[in-house]
Amino acid sequence: MAGRINDDDVKVVRDAVPIDTVVSEYLQLRPAGGGNLKGLCPFHDEKSPSFQVSPSKGLFHCFGCQEGGDTIAFVMKIDHLSFSETVERLAAKAGITLRYEEGGYNPTHQRGERIRLVEAHKAAAEFYVERLGGEEAEIGRKFLAERGFDQAAAEHFGVGYSPAGWDHLTRFLRGKGFSDKELLLAGLSQDGRRGPIDRFRGRLMWPIRDISGEVVGFGARKLRDDDNGPKYLNTPDTAIYKKSQVLYGVDLAKKDIAKASRAVVVEGYTDVMACHLAGITTAIATCGTAFGTDHIKILRRLLMDNGSARVIFTFDGDAAGQKAALRAFEDDQKFAAETYIAIAPDGMDPCELRLSKGDAAVQDLVEPRTPLFEFAIRQIVSRYDLETPAGRASALDEAGPIVARIKNGASQHEVAVQLAGILGILDTQFVVKRVAQMARWARDRGGRGPAGPADGRGGRPNGPQGSYDSGPSPALSGPALNLRSPAHRTERELLKLALQRPELVSPAFDAYGVDEFTAPPYAAVRRAVEDAGGAEQGIVSAPEYLAGVREAAPNDAVRALVTELAVEVFHGKTIDETYAGEQLVRVRLRAVDIRIHDVTSTLARLGTGDDAERHQAVQNELWVLQQYRQSLRNSGAAAL
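Residues numbered from 1 in each chain as written. Predicted model: local features only at pLDDT ≥ 70, side-chain atom pairs only at ≥ 80, totals over all residues. Heavy atoms only, no water.

**Looking at unusual backbone geometry**
A negative phi angle characterises most non-glycine residues, just as the trans form characterises most peptide bonds. The omega torsion of the bond from Ser 506 to Pro 507 falls at 10°, within 30 degrees of zero and hence cis. Within the fold, Pro 507 resides in the loop between α21 (502-505) and α22 (520-531). Its identity as a non-glycine residue notwithstanding, Gln 66 has a phi of 75°, on the positive side. Along the chain, Gln 66 turns up in the loop between β4 (59-62) and β5 (68-70). For Gln 66, a relative accessible area of 14% gives the class buried. (Helix = DSSP H or I, 4+ residues; strand = E, 2+ residues; numbered from the N terminus. Buried < 20%, exposed > 50% of the residue type's maximum accessible area, 1.4 Å probe, protein only.)

Structure representation (structure tokens):
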């Protein structure tokens, strides 16, 4: 039986694969200051980037949803992998051979399910590509040639051919060590009368890759008249493939989408190929489903979704294409980017346009022309007779709510003015007011939901407190963090120094007691630093230090806070020994003030008639504390 992955190998993998390289496969990162990078969080919807990556520390943290961790934690979370599957995938990328305890090297059949399914798809893709050169695949090569795609284009996109027999691929993959169960789970085979048979037979095959470039499914095009199946047959939803969460061509387009802050959404695999070959390398397509919310999330992360970003939809000019455009507009407000629609003359798709009029015509097609909202409005309005007052009023009643959905007030006003012009209503202000009224009605109907316990508005509590109050650790009980509190703010800054710049606060920091941190979550982090060997350990063994603190955390809430503090930028402009000394002194001074208050209260309760010896001892402690406080105020860090 194969055992756990050797701990030293896990560390080698963690250090060998830079976290910013891995994260950049899923979203666009930009400088955030202090050597950190920022982007839109892939784990929750947000308008402005609160997701930060610290390459020097190998950590990420989102200040919006509180997700955080190292490279392994990121891949586990975003691709829904187990720990061992993640380490195996990252090791394969880095060319690292893993050792397994209690059984040597890991047998193939015991590897994680997801990795096995991905490997099966990789082998299938290679199989299909090789078959495209065979005699039987002549019909497939002819199909490509008729659409302007040569062998080099087919190779660039990994296009292949599935033999027409019943089980060619199934037998091939069995020979590679894959079980029938794995082939069925992968959607590469399906149940037949005498066992599994190939799902795809006698078709042209497009590999569908996820954003990291791994093959997770296929799109198969019918070639023969005797094929009774659909024109396009896609992989069914599996553990690694969800059609609503993948975009064809995104692995090839992601860098240029991020660089140009522009994406072109087309309808089919050949349209993506045509666009890329024509120089539109930001083109992507959905895989047999409508463009929806999950697709928007992928694009928003790549675009950084700012106001200068552009998304251009190209749809066929037929009724189905217009319907698709209107569906896309329903989600338009989920973009911060400007959205446009491009419809080729004569209703041609990009593939047909390139074949008919060349690359320049495709490039011209995707230059932004018509805003998507304008197209949607005109499609609605076209159904009414605008020559009559009743027709104009009915068109306003249907188109007005669409304009009312625009969240930005200035944009809503501008589009309402345009709507008045489209409708031919001379009283522009009437239309503007009518749309504003519809927007208010929509908000009122939507309601605001019940007030939540955290902030009275149903939202998260202010600040990164998260679940600290109700955690199982007694160290986390107590009031929520209040970052407006000078005490909490200073304690946070000192902990950031201890985690990020331990050389500036050590050894003084390690002499601070847990009780000197008045916020329970910060006290828990202080305890974790102590259990990991103290801040001095961060100087002796920097790479392992943060990992040790995270491992010493008593629960996930504290672990997340450690990660957050390890990547958060400092408030000070110059982070040096002077700045560090100021934070050390402020925390110590506050602790001394609290102790003086407690001792003064004790002295008042004792009174002069009680135990004289006890009274004198308390009075002496108060004098020492007052002298120490004065010394801290006069000498600063030198008095620590």
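**Some points on the pattern of salt bridges**
Scanning all chains against the criterion turns up 35 salt bridges. For Lys 11, the salt bridge is made with Glu 544, and the minimal N-O distance between the two is 3.1 Å. Of this pair, Lys 11 sits in helix α1 (residues 7-16) while Glu 544 sits in helix α24 (residues 542-552), and the two are 533 residues apart along the sequence. The class for Lys 11 is partly exposed, based on a relative accessible area of 30%. (Salt bridge = Lys/Arg side-chain N within 4 Å of Asp/Glu carboxyl O.)

**Structural notes on the environment of Gly 347**
Position of Gly 347 among the secondary structure elements: in the loop between β15 (338-342) and α14 (350-357). With relative accessibility at 31%, the residue Gly 347 sits in the partly exposed group. With 32 residues separating them along the chain, Gly 347 and Phe 315 place their C-alpha atoms 8.5 Å apart.

**A few points about the packing of helix α16 (residues 372-381) against helix α18 (residues 409-423)**
Contact pair α16 / α18: the axes reach a minimum separation of 11 Å and the direction vectors enclose 35°. Here α16 runs over α18; the crossing is right-handed. Contacts between α16 and α18 involve Phe 373, Glu 374, Ile 377, Arg 378 and Val 381 from the former and Val 415, Gln 418, Leu 419, Ile 422 and Leu 423 from the latter. In the contact of α16 with α18, the residues fall into seven nonpolar, one polar and two charged. (Axes fitted to C-alpha atoms, helices over the stretch in contact; angles between N-to-C directions. Left-handed = near helix turned anticlockwise from the far one by under 90°. Contact = heavy atoms within 4.5 Å. Nonpolar A, V, L, I, M, F, W, Y, C, P; charged D, E, K, R; others polar.)

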